[in-house]
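Remarks on the overall topology
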Amino acid sequence: MSFGEKLRNLRKSERLTQKQLAERIGVAKSIVSYYESGHRYPSYDVLVKIAHVFHVSTDYLLDMEKRRVLDVSDLPEESIAVLEVVANALRGK
């Protein structure tokens, strides 16, 4: 999946408009459109901002990592344990 496709999918999964995402990462709405269409790629600084908005790694965005990481650092240990049980059940373990 291309960077633009990943960005569009992440944006839509968070129910953000291109304008809302643009405001969060400090670019114009048209730039987000260019990213999603594959006509432009973000600078390093903007790439990091996008990763923070969606709680993913830059490697994931650049398709260097095939797995998606979920940031649970702000959850209590009990909630993290529940998520681990659910994830393992979905994996069939």
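Placed above this text is the structure.
In short, a report on the structure. (Residues numbered from 1 in each chain as written. Predicted model: local features only at pLDDT ≥ 70, side-chain atom pairs only at ≥ 80, totals over all residues. Heavy atoms only, no water.)

1. Re the packing of helix H2 (residues 18–25) against helix H3 (residues 29–37)
- For the pair H2 and H3, the least separation of the axes is 8 Å and the interaxial angle reads 105°. Taken together, the axes of H2 and H3 are roughly perpendicular relative to one another. Each of Gln 18, Lys 19, Leu 21, Ala 22 and Ile 25 in H2 lies in contact with H3, whose residues at this interface are Lys 29, Val 32, Ser 33, Tyr 35 and Glu 36.
- Looking at the contact of H2 with H3 residue by residue, the classes come out as five nonpolar, two polar and three charged. (Axes fitted to C-alpha atoms, helices over the stretch in contact; angles between N-to-C directions. Helix = DSSP H or I, 4+ residues; strand = E, 2+ residues; numbered from the N terminus. Parallel < 35°, antiparallel > 145°, perpendicular 65-115°, else oblique. Contact = heavy atoms within 4.5 Å. Nonpolar A, V, L, I, M, F, W, Y, C, P; charged D, E, K, R; others polar.)

2. Brief notes about helix H1 (residues 3–13)
- Taken together, the buried positions of H1 are occupied by Phe 3, Gly 4, Lys 6, Leu 7, Leu 10 and Arg 11. Along H1, the residues classed as buried sweep out an arc of 160° about the axis, all on the same side.
- Elements that come into contact with the buried residues of H1 comprise H2, H3, helix H4 (44–54) and helix H5 (58–61). (Buried < 20%, exposed > 50% of the residue type's maximum accessible area, 1.4 Å probe, protein only. Arc of directions from axis to C-beta.)

3. Concerning the packing of H1 against H4
- Closest axis-to-axis distance for the H1/H4 pair is 11 Å, and the angle between their directions is 35°. When the axes of H1 and H4 are compared, the crossing they make is left-handed. Here Phe 3, Leu 7, Leu 10 and Arg 11 of H1 come into contact with H4, specifically with Leu 47, Ile 50 and Phe 54.
- Its residues assigned to classes, the contact of H1 with H4 shows six nonpolar, no polar and one charged. (Left-handed = near helix turned anticlockwise from the far one by under 90°.)

4. A closer look at the packing of aromatic side chains
- For the structure on display, the rule yields two aromatic pairs.
- Measuring from centroid to centroid gives 6.4 Å for Phe 3 and Tyr 35, while their planes differ by 75°, and the two rings are edge-to-face. Placement of the pair is Phe 3 in helix H1 and Tyr 35 in helix H3, with a sequence separation of 32 residues. You'll find Phe 3 and Tyr 35 in the same group, each marked buried.
- Considering the side-chain rings of Phe 3 and Tyr 41, the 6.3 Å spacing of their centres and the 50° angle between planes classify their relative orientation as tilted. Here Phe 3, found in helix H1, pairs with Tyr 41, found in the loop between H3 and H4; they are 38 residues apart in sequence, far enough to count as distant.
- Looking at Tyr 41, the relative accessible area reads 59%, which means it is exposed.
- Counting every residue linked through ring pairs, the aromatic cluster contains Phe 3, Tyr 35 and Tyr 41.
- The ring of Tyr 60 carries the charged tip of Lys 6 above its face, separated from the ring centre by 3.9 Å. (Phe/Tyr/Trp six-rings, centres within 6.5 Å; stacked < 30°, edge-to-face > 60°. Lys NZ or Arg CZ within 6 Å of the ring centre and 35° of its normal.)

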